[in-house]
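Examination of the molecular architecture
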Amino acid sequence: MTKLREVIKHLMDKSPLDSNPMIEVDEWVYSTCGYCSVGCGLYIGVKDGQAVTVEGNQDSPVNRGRLCVKGLYEWKFLQHPERATSPMIRKKDKLEPVSWEEALTFMINKMEEIRNEKGPKAIGVYHTGQLLLEEYYALGKLAKGVIGTPNVDSNTRLCMASAVKGTIRSFGTDGSPGCYEDVDEGEVLLIFGANPAEMHPQLWQRILHNREVKGTKIIVADPRTTLPAQIADIHLPLRPGTNIALLNAMIHVLIRENLLDEEMIDEHTVGFSAVKALVEDYPPGRGEELTGIPAETIVEAALLFGKAARGTTLYGQGVNQSMSATDTAALINTLHLITGKLGKPGCAPISLTGQASAMSNRDVGGSFSLPGFRNPANPQHRLEVAEAWKLDVEKIPAYTHDIMKMMELIDTGKLDLLWVIGTNPAVSLPDQKSVRKSLENVFLVVQDVYYPVETAAYADLFLPGAQWGEKTGTYTNIERRVNLANQAVEPPGKAKGDLKIFQEIAKGLGAEEGFSWLNPEEVFNEWKVLSKGRPNDMSGMTYERLEKEQGICWPCPDIHHPGTKRLYTARVFNTSKGIAQEYGDFNHEEGRARLWAIPYTPPPESPDEDFPLWLNTGSILEHYHTRTKTKRIPELVITAPEGFVELHPLDAERLDIREGERIRVVSRRGWIQVPAHISTTLSPGQVFVPYHFGDLDPSEAHLKQAANHLTLNWKDPFSKQPMYKTSACRIEKVGLAQ
Ligand SMILES: Nc1nc2c(c(=O)[nH]1)N[C@H]1C(S)=C(S)[C@@H](COP(=O)(O)OP(=O)(O)OC[C@H]3O[C@@H](n4cnc5c(=O)[nH]c(N)nc54)[C@H](O)[C@@H]3O)O[C@H]1N2
Ligand SMILES: Nc1nc2c(c(=O)[nH]1)N[C@H]1C(S)=C(S)[C@@H](COP(=O)(O)OP(=O)(O)OC[C@H]3O[C@@H](n4cnc5c(=O)[nH]c(N)nc54)[C@H](O)[C@@H]3O)O[C@H]1N2
Ligand code: SF4
Ligand SMILES: [Mo]
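Quick caveat, the model's predicted, so the values are computed rather than measured.

The rules behind each value
Residues numbered from 1 in each chain as written. Chains lettered and ligands numbered in written order. Predicted model: local features only at pLDDT ≥ 70, side-chain atom pairs only at ≥ 80, totals over all residues. Heavy atoms only, no water. Helix = DSSP H or I, 4+ residues; strand = E, 2+ residues; numbered from the N terminus. Buried < 20%, exposed > 50% of the residue type's maximum accessible area, 1.4 Å probe, protein only. Contact = heavy atoms within 4.5 Å. Areas by Shrake-Rupley, 256 points an atom, 1.4 Å probe, with all protein chains shown as cover. Lys, Arg positive; Asp, Glu negative; His and termini not counted. Charge placed at Lys NZ, Arg CZ, Asp CG, Glu CD. Near = heavy atom within 4 Å. Nonpolar A, V, L, I, M, F, W, Y, C, P; charged D, E, K, R; others polar. Core = buried A, V, L, I, M, F, W, Y, C linked by side-chain atoms within 4.5 Å. Domains from an automatic or database assignment. Polar contact = N/O pair within 3.5 Å; in protein donor to acceptor, adjacent residues only side chain to side chain. pLDDT = per-residue confidence, 0-100. Pairing = 2+ DSSP bridges. Axes fitted to C-alpha atoms, helices over the stretch in contact; angles between N-to-C directions. Salt bridge = Lys/Arg side-chain N within 4 Å of Asp/Glu carboxyl O. Expected span 1.5 Å × (residues − 1). Parallel < 35°, antiparallel > 145°, perpendicular 65-115°, else oblique. Left-handed = near helix turned anticlockwise from the far one by under 90°.

So, on to the overall build of the protein. When its secondary structure is counted, the protein shows 26 helices and 26 strands. Dimensions of the protein, computed from C-alpha atoms along their principal axes, come out at roughly 70 × 65 × 60 Å. Relative to its full complement of 738 residues, the protein shows a buried share of 67%. Taking contacts inside the protein between residues at least 6 apart in sequence as the whole, the part at least 24 apart equals 74%. On the protein, roughly 25000 Å² of surface is accessible, and the fraction owed to carbon and sulfur atoms is 51%. Each charge sign in the protein was given a centre, from 80 positive and 95 negative side chains, and these centres are 2 Å apart.

In the neighbourhood of ligand 3, the contacting residues comprise Cys 33, Tyr 35, Cys 36, Gly 39, Cys 40, Leu 67, Cys 68, Lys 70, Gly 71, Pro 201 and Gln 202. A class-by-class count of the residues in the shell around ligand 3 yields 7 nonpolar, 3 polar and 1 charged.

This next bit is on the nonpolar core. In this structure, Leu 142, Trp 419, Leu 463 and Ile 505 are the most contacted members of the largest nonpolar core, which totals 123 residues. When residues of this core are assigned to their parent elements, the largest contribution, 10 residues, is made by helix H10 (residues 243-256). A domain-level breakdown of this core finds at least three residues from each of domain 2 (107-157 + 358-484 + 492-553) and domain 3 (161-352). Counting residues in each nonpolar core, the second largest holds 52 residues, with Ile 44, Leu 227, Ala 232 and Ala 356 among its members.

Here Pro 557 is to be found in the loop between strand S19 (552-553) and strand S20 (593-594). Looking at Pro 557, the relative accessible area reads 27%, which means it is partly exposed. Through-space distance from the C-alpha of Pro 557 to that of Lys 528 is 9.5 Å; in sequence the pair is 29 residues apart. With residues near it in sequence (within four places) discarded, Pro 557 still touches Lys 532, Asp 537, Ser 539 and Gly 540.

Here the focus is the site of ligand 2. With respect to spatial proximity, 31 residues lie near ligand 2, and among them Gln 130, Asn 155, Ser 428, Asp 448 and Thr 626 are the closest. Contacts to ligand 2 include Gln 447, whose backbone N or O atom sits 3.1 Å from a nitrogen atom. Within the side chain of Asn 708, an N or O atom sits 2.7 Å from a nitrogen atom of ligand 2. Protein coverage of the free-state accessible area of ligand 2, which is 920 Å², stands at 98%. Of all the elements in the fold, those that place two or more residues in the shell around ligand 2 are strand S15 (443-448) and strand S21 (613-618).

Here the protein shows a mean pLDDT of 95. Residues at 70 or above account for 96%. Taken element by element, the predicted model of the protein shows its lowest mean pLDDT in helix H1 (residues 3-14) (49) and its highest in H10 (99). Taken together, the stretch residues 13-19 has pLDDT below 50 and engages in 18 contacts with residues farther than four places along the chain or on a different chain.

Looking now at the sheet that holds strand S13 (residues 348-351). Read from one edge to the other, the open sheet built from 5 strands follows the order S10-S9-S8-S12-S13, with strand pairing classed as parallel. The open sheet has two edge strands, strand S10 (234-236) and S13, and neither has a second partner. Adjacent strand axes in the sheet meet at a mean angle of 15° when their direction is disregarded. Judged from the 4 bridges that link them, strand S12 (residues 311-315) and S13 form a sheet pairing that is parallel.

This next bit is on the sheet that holds strand S18 (residues 481-485). With antiparallel pairing, the 3 strands of this open sheet are ordered in space as S17-S18-S19. Only two strands of the sheet have a single neighbouring strand rather than two, namely strand S17 (473-476) and S19. Where S18 meets S19, 2 bridges bridge the pair, whose relative direction is antiparallel. For Val 482, the partnering residue across the bridge sits in S19 and is Ile 552.

Following the criterion strictly, the structure yields 43 salt bridges and no others. Between Glu 700 and Lys 631 there is a salt bridge whose closest N-O contact spans 3.6 Å. Highlighted residues: Glu 700 in the loop between strand S25 (686-690) and strand S26 (727-733) and Lys 631 in the loop between S21 and helix H25 (634-637), separated in sequence by 69 residues. Residues joined by salt bridges that share partners form a network here, namely Glu 454, Arg 627, Lys 631, Asp 697 and Glu 700.

Here helix H8 (residues 201-214) spans 19 Å end to end across 14 residues, near enough to the 20 Å set by a 1.5 Å rise per residue. Every buried residue belonging to H8 is among Pro 201, Gln 202, Leu 203, Trp 204, Gln 205, Arg 206, Ile 207, Leu 208 and Asn 210, and all of these are buried. At the exit of H8 stands Gly 215, carrying a positive phi of roughly 70°.

Attention now goes to the packing of helix H5 (residues 161-171) against helix H16 (residues 325-338). One can describe the packing of H5 onto H16 by two numbers: an axis separation of 7 Å at closest approach and a directional angle of 45°. By the criterion of interaxial angle, the relationship of H5 to H16 is oblique. As H5 runs across H16, the sense of the crossing is right-handed. Residues Ser 162, Ala 163, Lys 165, Gly 166, Thr 167, Arg 169, Ser 170 and Phe 171 of H5 touch H16, and the partners they reach there are Ala 325, Thr 326, Ala 329, Ala 330, Asn 333 and Leu 337.

Laid out in structure tokens, this is it:
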């Protein structure tokens, strides 16, 4: 790690960066940060029609005026010479600018042609967690209602799918049961497979504050000694992929010591006897064998959590992208249910959603569900949606496919057109070699805000959207707070809001009537009616209220309702078939939560003679995803200019590798060549590669640095989420035989 990064990380840790100094502006526009799901409130400063600064919103209960380094420079990615300003069509191997009319006619003709020839299933839509709630709603209606394809997915599949499935399997419907106040009020915080110091920095500031003022105890379960692990009271550096073994051993201790909430177990849940029987096989000694954590440390962690009156868990991609991901999320919920740490202050299992609006996508059924967490397999739920959309119920697909399945459908000639909106699969999907081959073999439409962008290297048609700051709509954050992000500036050139693009395509496909909204609030109002009576009821919200009240947490069923901090306070869950988001063995007509008994299963790939190191991939503070925004901000690029691999000093010594030396990381899928950063953050035998860096844009085409050349195309059986965190690799000095 460079010295500068160390300094920045230290700064983030000790003294929060306050907002920009005030500069002269014509107008301050109320908005919400568009990067991560913490959902910080901010104002965009506009001068002469351009965004010139941002200022943290002092009144926001989320961040109280503070912003992290990404939020602070957020205005800078709006005006950039590489903003996409015109639609483009591939002509003679090159994308050439065309008019909107030509671009949309081309797209609609192609869609009609494919639909007539092969049916709607041959059209795929793959979108994002970075649009606005209103845009997801419109896109869901267009893809499922108008096009009528089951091939609809979004990048939230790569991110939150396991947390969502785990939450549904425990409680019946999606949505975090808790709120940020539960983080403040917990005596103990269990940070499980997450690194909020770098990924959710303003939530981390709250945690640090609580620790200082209230002495909150912190337990961190992460194979790496991240910043949270460094300050934790107990660090559980488990072997990658062993979450289930650790949780089972902790639950074993809790049951043995009778640190349980019997009323919750007996009256409000099902499945305890199976859990009890299963964890008998996971005494702390077996936990140690499987996870590598000393048995007494597992006991200490379980007792700290179990004896505290209030405890909250924050979990992230170390769960969702690791082995047994959905099961781990369900087991974290189980841990909270059996100890009664749910539905009361300071007690909640909280999934750290990643992107600013990933939760909005889930709210309105942008990908796998129907709006309002409705179950696509439930005829009544489908009917409610069909009636609202004035459509034949048969038109709405009863299932959807995940993106890696769509790649397979391309490979087998069943999917002919893929419309990619606000995501960059030529960097972010696993096993890039096969993904890039599929992208070559489909009619590809890319709707993005920058050009060049890696995935557009394969595009036949490019549509320029507008981004954060250039359009109005809402975001739902981690704590279910729906907040407003207002348009501050006009999009550049011919770029236009994604909602407008969806409306025009719907019109081209003959569905103008259902898409004739005059502004985003009209879309919100339509959705709001459909949300009535559902767990994520937003019918009491208006844009005016959202701005005045600094966002409102759903459910908010009427105009006078203040919103809801925490769910399940009455210990009644959404598992009955009529309400639940899915059908399954967790359905329970009395509304009991389901406890899960889950045996440990080893990952499908682990280190061996040929590939002796664990490969872990993830994010770093300065960059956001595939860097389309952050690589265009010099202040962020300077500290992390290119891809790298972190390895432990003992491994570096054994392999004779020096700091900064360019080395090759090789897996069964491919290789990358990046500088080595020697770091004690990792345990010996493990390496870490950030996934932000691509190698298809002209400025990076000479580098081979995308982590996803290495990763495994292996999906969790329930959530179909790729397992990015757990595979095997080796390191070679450059020049040595492969
Ligand atoms: N700066 C920045 N912030 C971001 C983002 C970004 O790109 N940049 N992206 C946003 C998004 S979309 C997301 S999803 C979040 C991601 O936020 P996080 O989930 O916090 O981040 P990750 O780095 O993906 O993974 C978290 C931790 O899981 C650990 N881990 C790996 N394997 C295992 C395992 O088997 N068990 C356990 N217990 N832990 C394991 C890793 O070592 C890592 O420290 O961040 C959001 N915030
Ligand atoms: N190996 C490995 N791979 C991973 C992960 C990992 O930990 N390891 N993490 C995964 C996770 S958690 C995530 S969330 C994904 C993220 O992966 P991606 O979704 O591919 O990453 P982004 O860079 O956010 O892509 C968003 C694209 O949308 C564009 N865009 C931004 N705003 C708008 C808008 O308003 N409209 C339109 N039309 N376009 C817009 C951006 O320019 C960018 O090209 O990566 C996943 N991949
Ligand atoms: S913590 Fe997240 S929401 Fe807040 S400013 Fe940083 S990136 Fe934006
Ligand atoms: Mo994510």
